[in-house]
Amino acid sequence: MSRRHYSLATLRSIIAAWDDRKRFRWELEQMAKDNPHLIDDIGLTRRQVEAEIAKPFWRR
């Protein structure tokens, strides 16, 4: 098993991406609860939204 070595800038970038995903999925969940009609407006199905919300923050 090889170990990866990341620079501090790379680690910051990874953490920022994780934070963005977490925030996006939380906002998507809120939108689905509060304004479900907006999900149709952005072109997603309820199943797609549920699948996106269920992903852990480290998964794209």
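Above this note sits the structure.
Residues numbered from 1 in each chain as written. Predicted model: local features only at pLDDT ≥ 70, side-chain atom pairs only at ≥ 80, totals over all residues. Heavy atoms only, no water.

**So, the overall build of the protein chain**
Applicable threshold: Secondary structure follows DSSP: runs of H or I at least 4 residues long count as helices, runs of E at least 2 residues long count as strands, and numbering of each begins at the N terminus. Each radius of gyration reported is based on C-alpha atoms, and the globular scaling rule is 2.2 Å times the count of residues to the power 0.38. Any residue under 20% of the maximum accessible area for its type is buried, any over 50% is exposed, and the rest in between are partly exposed; the area is computed with a 1.4 Å probe on protein chains only. In what follows, residue pairs with any heavy atoms lying within 4.5 Å of each other are defined as contacts.
A tally of helices and strands in the protein chain yields three helices and zero strands. Since a compact globule built from 60 residues should have a radius of gyration of about 10 Å, the 15 Å found for the protein chain marks it as more spread out than a globular shape. Overall, the protein chain is about 45 × 25 × 15 Å in size when its C-alpha atoms are taken along their principal axes. A burial count over the protein chain gives 12% of its 60 residues as buried. Sequence-distant contacts in the protein chain: of pairs separated by 6 or more residues, those separated by 24 or more amount to 58%.

**Some points on the packing of aromatic side chains**
What counts here: Paired rings are identified among Phe, Tyr and Trp, the last through its six-membered ring, by centres lying within 6.5 Å, and are further divided according to the angle between planes into stacked (under 30 degrees), edge-to-face (over 60) and tilted (the rest).
Going through the model one piece at a time under the given rule, you end up with two aromatic pairs. Between Trp18 and Phe57, the aromatic rings sit 5.2 Å apart at their centres with planes inclined by 70 degrees, giving edge-to-face as the arrangement. Here Phe57 lies in the segment after α3 (46-54) and Trp18 lies in helix α1 (residues 8-34), a separation of 39 residues in the sequence. On the basis of an interplanar angle of 85 degrees and a centroid distance of 5.1 Å, the ring pair of Phe57 and Trp58 is categorised as edge-to-face. The exposed category is assigned to Trp58, whose relative accessible area is 51%. One aromatic cluster in this structure is built from Trp18, Phe57 and Trp58.

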